[in-house]
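Each chain, written out:
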Amino acid sequence: MEPTASFSILALLMLGLSQAVPLMEPQFVDITERILTTNNRSSELLVEGDIVLSRTRNAQVCPDNNCFWKKSSTGPVQVPYTVSADFSFSERSVIAGAMATFHSKTCIRFVARTTETDYLSIENRDGCYSPVGRSGGKQVVSLNRNGCVYHGIVQHELNHALGFYHEQTRSDRDRYVRINWENINPAMQYNFNKENTNNLNTPYDYSSVMHYGKTAFSINGLDSITPIPDASVKIGQRVDLSAIDILRINTLYKC
């Protein structure tokens, strides 16, 4: 093989490998603000910043279990999905990498849709958002290409689709965080309403991928959420599912 041809093939291989590396959010970036800023352009009616109101309600309370995904006869919980052709190879790699964490640490299996009626349609819409739980039929998970296709953000939205709300809206949150209402626009305060959640006998998790950052919806740059009793505790990471995030998924779906 000619040296120039060999070099060209090597260059293409290196490019392919570089495109396959998942996008991880820099630690100095407030990823909650990234989601909220991206969603400012959205025409959807969103609550808590990135939740699409669904026909049903830490896990949602669902008495008949119809708002959760079903276990297959072989054990795993199969969640069919499609991915829009809008996404590039590297963006599809990020989405696949986020799904792989669920596959390796829980009994959730995101599987390519064939003929299933209920499925996730992962699309490049006008923000980062998802319904909570299984809402039935085609269920859009929006991952806008300009701000949402990051490993932790994809995990965050997929966790909504599995049935989980934000950590700071769980029913017992007032024992663990203080909501600083004076720093939040009154028109946005509904985003901090507590939910009637099933907390699955798990502790409050400041490190959850589902927790807002400290300045979410702040109108003055001051904290809207303060951990108690230790205000210095870090919250709002979007790097990866926490150990308690994984425990909750496995508990909810009886993995």
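The structure presented is a predicted model; accordingly, all values stated were derived computationally and were not measured.

J.: Got a minute to help me understand the packing of aromatic side chains in this structure?
T.: Centre distance and the angle of the planes are the two values used to describe a pair of aromatic rings. This model, assessed by the stated rule, comprises 8 aromatic pairs. Seen from their ring centres, Phe102 and Phe110 are 5.4 Å apart, and the 85° between their planes marks the pair as edge-to-face. Judged on exposure class, the residue Phe102 and its partner Phe110 are both buried. Both rings, one in Trp181 and one in Phe192, keep their centres 6.3 Å apart while their planes meet at 80°; by these two values the pair is edge-to-face. Taken together, the positions of Trp181 in the loop between β9 (177–179) and β10 (197–198) and Phe192 in the loop between β9 and β10 put the pair 11 residues apart, joining distant regions of the chain. The partly exposed category is assigned to Trp181, whose relative accessible area is 36%. By way of ring pairs, the aromatic residues Trp181, Phe192, Tyr212 and Phe217 are connected into one cluster. Between the NZ or CZ atom of Arg113 and the centre of the ring of Tyr119, over which it lies, the distance is 3.9 Å.

J.: Help me out: how do you make sense of the confidence of the model for the protein in this one?
T.: Close inspection of predicted coordinates is inappropriate in any region flagged by low pLDDT. The pLDDT averaged across the protein works out to 83; a share of 75% of its residues lies at or above 70. Between residues 1–24, whose pLDDT stays under 50, and residues either more than four places distant or in other chains, the model counts 17 contacts.

J.: Explain helix α4 (residues 151–162) here, please?
T.: A turn of α-helix holds 3.6 residues, and therefore any two residues three or four places apart point the same way. Taking 1.5 Å of rise per residue, the 12 residues of α4 would be expected to cover 16 Å, and the 17 Å separating its terminal C-alpha atoms lies within 8% of that figure. Taking burial as the measure, the 12 residues of α4 include 12 buried ones, the bulk of the element. Listed as buried for α4 are His151, Gly152, Ile153, Val154, Gln155, His156, Glu157, Leu158, Asn159, His160, Ala161 and Leu162. Looking one or two places after α4, you find Gly163, whose phi comes out positive at around 125°.

J.: Explain the environment of Leu120 to me, please; I cannot follow it from the model alone.
T.: Turning to its location among the elements, Leu120 is positioned in strand β6 (residues 119–123). Sequence separation between Leu120 and Val141 is 21 residues; the distance between their C-alpha atoms is 6.5 Å. Not counting residues up to four positions away in its chain, the partners in contact with Leu120 are Trp69, Val79, Pro80, Tyr81, Thr82, Phe110, Gln139, Val141, Leu158 and Ala161.

J.: Would you explain the state of the cysteines in this entry?
T.: Joining two cysteines, a disulfide is a covalent bond between their sulfur atoms. Under the defined criterion, the tally for this structure stands at 2 disulfides. Linked covalently through their sulfurs, Cys107 and Cys255 form a disulfide whose S-S length is 2.1 Å. Between Cys107 and Cys255 the sulfur-sulfur dihedral comes to about -65°; the bridge is accordingly left-handed. In this pair, Cys107 sits in the loop between α3 (89–105) and β5 (108–112) while Cys255 sits in the segment after α5 (243–252), placing the two residues 148 residues apart along the sequence. With relative accessibility at 11%, the residue Cys107 sits in the buried group. Each sulfur in the disulfide pair Cys128 and Cys148 lies 2.0 Å from the other. Between Cys128 and Cys148, the S-S torsion sits near -80°, and that sign places the bridge as left-handed. Of the two residues, Cys128 is situated in strand β7 (residues 128–131) and Cys148 in the loop between β8 (138–143) and α4; the sequence distance between them amounts to 20 residues. Each of the two residues, Cys128 as well as Cys148, counts as buried.

Reading the values: the criteria
Residues numbered from 1 in each chain as written. Predicted model: local features only at pLDDT ≥ 70, side-chain atom pairs only at ≥ 80, totals over all residues. Heavy atoms only, no water. Phe/Tyr/Trp six-rings, centres within 6.5 Å; stacked < 30°, edge-to-face > 60°. Buried < 20%, exposed > 50% of the residue type's maximum accessible area, 1.4 Å probe, protein only. Helix = DSSP H or I, 4+ residues; strand = E, 2+ residues; numbered from the N terminus. Lys NZ or Arg CZ within 6 Å of the ring centre and 35° of its normal. pLDDT = per-residue confidence, 0-100. Contact = heavy atoms within 4.5 Å. Expected span 1.5 Å × (residues − 1). Disulfide = S-S within 2.5 Å.

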